[in-house]
Amino acid sequence: MKTTLQSVPLLAILSLIALIGNSVASRSLPLEATPGMLVLMGIALGGSLLFTLLPFKGIPAIVYVSLLGILVTAPFSPLSPLLVPLVAKVNFLALATPVLGCAGISLASEAEQMKKQGFKMFLVSLIVFTGTFLGSAVLAELLLNLTSYRP
Amino acid sequence: MKGVVYTTRNWRLYLALTLVVAVSEAIGPKKFQLGPGFILLLPIVYALILGFALHPRQIKFLRREDLAIIPRVTMLGIGLLAARIGTSLGPNLKLLLDLSLPLVVQEFGHFLGTVILGLPVAVLLGIGREAIGACFSVGREGAVALIGEKFGLQSPEGRGVLAQYFFGTLFGAIYFAFLAGWVDSLKIFHPLSLAMACGVGSASMMAASAGTLIASHPEMKEEITAVSGAANALTLMTGLYFTVFISLPLAQLLYSFLDRLRRKRQEVEERQ
């Protein structure tokens, strides 16, 4: 509980940064997306609280966060007509941009280590990623065709 | 109030990130041709590059203390992403129910694809038992824990999974973004099949790859987010069981088989 509360200031700052990115991306004012961002902050904090309070740790915290997100925006939720249009103003990709920015900084920290790993392992990692993606895409496409579902 | 005081110390990082984000979004998406398809460059790619440039090694602005809170910031960012994914899943529950069979079946694709494609290539390249650790899964935290328990992280298998984890953390998101975009531009797969494929069990990899699909198919943005989010959650939740009972045993078996073939070939070559 305490650590969740302690993250609030940092979360607020990050949300502000993401909000700025979002407004640049959507060419709109930050004020428009602010309620949506506050909703998302609430969901993130709520999910994190759930994770710390519930004893079963087999499920990662972000699953609780997304579950909470589902619950409040599902058709059966009384809050969904209010919340869905609000969060729609927050661009999904715009939330990813600051995360990748951080990843970039981390990448620079690890640059030396990277050279030690060797090119072969790097190549293998790319093949592994490709394999998981294509394996799944092929099966998904097959099943989509078999069930002749065209949404 | 103590928390607020400590937090404001890292103002350099916040300023840096704000700049990175603003510039990246301002540049916007750009398309490049590659063979029969396109590579889509998105703000997240620019953000990665700009972030790299802002490291103290390159530019003197951020300090060690600023770098230290990056893992926390990343985690919070992923929390926000997860929240946004949930809010896309919620309204689309019916779509997910309709797609429940393909969603479940494509999980097998995730867990088998790594082994089937990765191991032969690794063995061909001359890699030893590291290949087992590297190829049995995408190599996120769960996989590292599993290998650590079974073989120990000092073992060759351990080295393999750590290398995979390492490269995944650094390049995973970007590579998946490029891959998704390029495969999509080939127009072989339905966008929602690819959306499912994006759910590999890592929030940032999923966000980057699904994001690329969304950029090419903006009219489907909520559906794509919902489907990838669901696939990602499935992979996260079933990952442990799939890897323990299917991928890892398969990887060990296949490696033994391929390794034996490799040795036989070496013997034949030596005799000649």
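Refer to the structure presented above.
Residues numbered from 1 in each chain as written. Chains lettered and ligands numbered in written order. Predicted model: local features only at pLDDT ≥ 70, side-chain atom pairs only at ≥ 80, totals over all residues. Heavy atoms only, no water.

A look at the overall build of chain A
Within chain A one finds eight helices and zero strands. Reading chain A from its N end, one meets helices and strands in the order α-α-α-α-α-α-α-α. For chain A, the spread of C-alpha atoms along the three principal axes comes to 50 × 50 × 45 Å. Taken across its 151 residues, chain A has 46% of its residues classed as buried. Sequence separation of 24 or more characterises 54% of the internal contacts of chain A that already satisfy a separation of 6 or more. Total accessible area on chain A is roughly 7,000 Å²; 75% of this is exposed by carbon and sulfur atoms. Each charge class in chain A was averaged separately, 8 positive and 4 negative side chains, and the resulting centres sit 5 Å apart. (Helix = DSSP H or I, 4+ residues; strand = E, 2+ residues; numbered from the N terminus. Buried < 20%, exposed > 50% of the residue type's maximum accessible area, 1.4 Å probe, protein only. Contact = heavy atoms within 4.5 Å. Areas by Shrake-Rupley, 256 points an atom, 1.4 Å probe, with all protein chains shown as cover. Lys, Arg positive; Asp, Glu negative; His and termini not counted. Charge placed at Lys NZ, Arg CZ, Asp CG, Glu CD.)

Looking at the overall build of chain B
Within chain B, the secondary structure is distributed over 13 helices and two strands. Put simply, chain B has 272 residues, and 56% of those count as buried. Restricting to contacts in chain B with at least 6 residues of sequence separation, those with at least 24 account for 71%. Seen as two clouds, the 24 positive and the 17 negative side-chain charges of chain B have centres 7 Å apart.

Some points on the nonpolar core
F133 of chain A together with L13 of chain B are the most contacted members of the largest nonpolar core, which totals 95 residues. Non-local contacts of F133 of chain A, meaning those with residues more than four positions away in its chain, are made with F176, L179, A180, V183, L194, A197 and C198 of chain B. Core analysis: the second largest hydrophobic core is formed by 27 residues, V124 of chain A together with V123, V161 and L248 of chain B among them. (Core = buried A, V, L, I, M, F, W, Y, C linked by side-chain atoms within 4.5 Å.)

Structural notes on the packing of helix α3 (residues 30-53) of chain A against helix α5 (residues 70-89) of chain B
Two numbers describe a pair of packed helices, the interaxial angle and the distance between the axes. Between α3 of chain A and α5 of chain B, the shortest axis-to-axis distance is 8 Å and the interhelical angle comes to 105 degrees. Accordingly, the angle class assigned to the pair α3 of chain A and α5 of chain B is roughly perpendicular. Facing L40, M41, I43 and A44 of chain A of α3 of chain A, the residues of α5 of chain B in contact are G79, L80, A83, R84 and T87 of chain B. Residue classes in the contact of α3 of chain A with α5 of chain B are distributed as six nonpolar, two polar and one charged. (Axes fitted to C-alpha atoms, helices over the stretch in contact; angles between N-to-C directions. Parallel < 35°, antiparallel > 145°, perpendicular 65-115°, else oblique. Nonpolar A, V, L, I, M, F, W, Y, C, P; charged D, E, K, R; others polar.)

With respect to the packing of helix α2 (residues 8-26) of chain A against helix α2 (residues 11-27) of chain B
The contact between α2 of chain A and α2 of chain B brings their axes to 8 Å, and the two run at 20 degrees. Accordingly, the angle class assigned to the pair α2 of chain A and α2 of chain B is roughly parallel. Along this stretch, α2 of chain A crosses α2 of chain B, giving a crossing that reads as right-handed. Seen from α2 of chain A, the contacting residues are L10, I13, I17, I20, G21, V24 and A25 of chain A; seen from α2 of chain B, they are Y14, L17, T18, V21, A22, E25 and A26 of chain B. Classifying every residue of the contact of α2 of chain A with α2 of chain B gives 11 nonpolar, two polar and one charged. (Left-handed = near helix turned anticlockwise from the far one by under 90°.)

What to know about the pairing of strand β2 (residues 37-41) of chain B
All names here are of chain B. The buried fraction of β2 is high, at four of five residues. Where strand β1 (residues 30-34) meets β2, five bridges bridge the pair, whose relative direction is antiparallel. Counterpart to K30 in the pairing with β2 is L41. Two successive antiparallel strands, β1 and β2, enclose a turn made up of two residues, where G35 displays a positive phi of approximately 60 degrees. (Pairing = 2+ DSSP bridges.)

Remarks on the interface of chain B and chain A
At the junction of the two partners, chain B supplies 105 residues and chain A supplies 86 residues. Together chain B and chain A conceal approximately 8,500 Å² of surface at their shared face, both sides included; 83% is due to carbon and sulfur atoms. When the buried surface of chain B facing chain A is broken down by residue, L80, R84 and F167 of chain B rank first, second and third, together holding 9% of it. The tally of links between chain B and chain A comes to 12 residue pairs in polar contact (both at pLDDT 80 or more). Per-element accounting of the side of chain B that touches chain A gives the leading share, 17 residues, to α5 of chain B. Taken together, the residues of the side of chain B that touches chain A break down into 70 nonpolar, 28 polar and seven charged. (Buried area = accessible area lost by both parts, 1.4 Å probe. Polar contact = N/O pair within 3.5 Å; in protein donor to acceptor, adjacent residues only side chain to side chain.)

Digging into unusual backbone geometry
For R27 of chain A, which is not a glycine, the phi torsion comes out positive at approximately 50 degrees. Its place among the elements puts R27 of chain A in the loop between α2 and α3. Positive phi, close to 60 degrees, is recorded for K187 of chain B, a residue that is not glycine. Examined against the element boundaries, K187 of chain B turns out to sit in the loop between α10 (156-185) and α11 (191-197).

Description of the pattern of salt bridges
Residues and elements named next belong to chain B. According to the stated counting rule, one finds 10 salt bridges over all chains in the structure shown. R63 is paired through a salt bridge with E65; the nearest N and O atoms lie 3.4 Å apart. Given the relative accessible area of 31%, R63 is considered partly exposed. A salt bridge links E130 to R159, with the shortest nitrogen-to-oxygen separation between them at 3.2 Å. Remark: R159 occurs in helix α10 and E130 occurs in helix α8 (residues 130-135); sequence separation between them is 29 residues. With relative accessibility at 19%, the residue E130 sits in the buried group. (Salt bridge = Lys/Arg side-chain N within 4 Å of Asp/Glu carboxyl O.)

Quick word on the packing of aromatic side chains
Each aromatic ring pair is characterised by the separation of its centres together with the angle its planes make. The tally for this structure, following the rule as stated, stands at 12 aromatic pairs over all chains. Measuring from ring centre to ring centre gives 6.4 Å for F133 of chain A and F176 of chain B, while their planes differ by 55 degrees; the resulting arrangement is tilted. Taken as a pair, F133 of chain A in helix α8 (residues 119-146) and F176 of chain B in helix α10 lie in two separate chains rather than in one. Three or more aromatic residues joined by ring pairs make a cluster, and in this case those are F119 and F122 of chain A together with F166, F167 and F171 of chain B. For R12 of chain B, the ring lying beneath its charged end belongs to F61 of chain B, and the centroid distance is 5.9 Å. (Phe/Tyr/Trp six-rings, centres within 6.5 Å; stacked < 30°, edge-to-face > 60°. Lys NZ or Arg CZ within 6 Å of the ring centre and 35° of its normal.)

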